[in-house]
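Listed here are the chains, written in short residue letters.
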Amino acid sequence: MAQVLPETEIQERLRQLPGWSREGKMLHCERKFKDFVEAIAFVNQLVEPAETAAHHPDLEISYNKVTISLTTHDAGGLTEKDFQMAQTISELK
């Protein structure tokens, strides 16, 4: 099982992820798109990296807005897996 990162490392890693914030034991990011079709196209891009990493974000879709939340549920907090997935998501257009 993945290990929860120490608070100092979480803070340092979060500074390296523009557009992401932390709420308790979760990382959050909101992306806005031109319309619903573009929002869904973005969500579809998440499938392969999430499956490959076996680490799946929680998603909320509201017309042209996608809210992404990450945490490692079985570890009970933020782990390396969350920051790796956040970086991968940040690189998607």
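All of the points below concern the structure found in this document. Keep in mind that this is a model prediction, so the values were computed, not measured.

At Ala-54, a residue that is not glycine, the phi angle is positive and equals roughly 55°. Assignment of secondary structure puts Ala-54 in the loop between α2 (36-53) and β3 (58-62). The residue Tyr-63 is not glycine, and still its phi comes out positive at about 50°. Mapped onto the elements of the fold, Tyr-63 is located in the loop between β3 and β4 (65-70).

The final tally for this structure, using the stated rule, is 6 salt bridges. A salt bridge links Glu-9 to Arg-13, with the nearest nitrogen and oxygen atoms 3.9 Å apart. Linking Glu-9 with Arg-13, this pair stays in helix α1 (residues 7-15), spanning 4 residues, or about one helical turn. The partner of Glu-30 in a salt bridge is Lys-32, with the nearest N and O atoms 3.9 Å apart.

Where β3 and β4 come together, 5 bridges link them in antiparallel fashion. Paired with Leu-59 across the bridge in β4 is Ile-68. Two successive antiparallel strands, β3 and β4, enclose a turn made up of 2 residues, where Tyr-63 displays a positive phi of approximately 50°.

Between α2 and helix α3 (residues 80-90), the least distance of the axes is 10 Å, while the angle of their chain directions is 145°. Between α2 and α3 lies a crossing whose hand is right-handed. Here Phe-42, Leu-46, Pro-49, Ala-50 and Ala-53 of α2 lie close against α3, whose contacting residues are Met-85, Thr-88 and Ile-89. Taken together, the residues that form the contact of α2 with α3 break down as 7 nonpolar, 1 polar and no charged.

This brings us to the nonpolar core. Residues Trp-20, Leu-27, Phe-42, Val-66, Leu-70, Phe-83 and Ile-89 are the most contacted members of the largest nonpolar core, which totals 22 residues. In terms of residue count, the dominant contributor to this core is α2 (5 residues).

Together, Phe-36, Ile-61 and Tyr-63 make up an exposed nonpolar region whose accessible area comes to about 300 Å². Here Phe-36 is to be found in helix α2.

Definitions and limits used
- Residues numbered from 1 in each chain as written.
- Predicted model: local features only at pLDDT ≥ 70, side-chain atom pairs only at ≥ 80, totals over all residues.
- Heavy atoms only, no water.
- Helix = DSSP H or I, 4+ residues; strand = E, 2+ residues; numbered from the N terminus.
- Salt bridge = Lys/Arg side-chain N within 4 Å of Asp/Glu carboxyl O.
- Pairing = 2+ DSSP bridges.
- Axes fitted to C-alpha atoms, helices over the stretch in contact; angles between N-to-C directions.
- Left-handed = near helix turned anticlockwise from the far one by under 90°.
- Contact = heavy atoms within 4.5 Å.
- Nonpolar A, V, L, I, M, F, W, Y, C, P; charged D, E, K, R; others polar.
- Core = buried A, V, L, I, M, F, W, Y, C linked by side-chain atoms within 4.5 Å.
- Buried < 20%, exposed > 50% of the residue type's maximum accessible area, 1.4 Å probe, protein only.
- Patch = residues over 30% accessible without salt bridge, like charges linked within 9 Å, V, L, I, M, F, W, Y side chains within 5 Å.
- Areas by Shrake-Rupley, 256 points an atom, 1.4 Å probe, with all protein chains shown as cover.

Just geometry here; none of it tells us what the structure is for.
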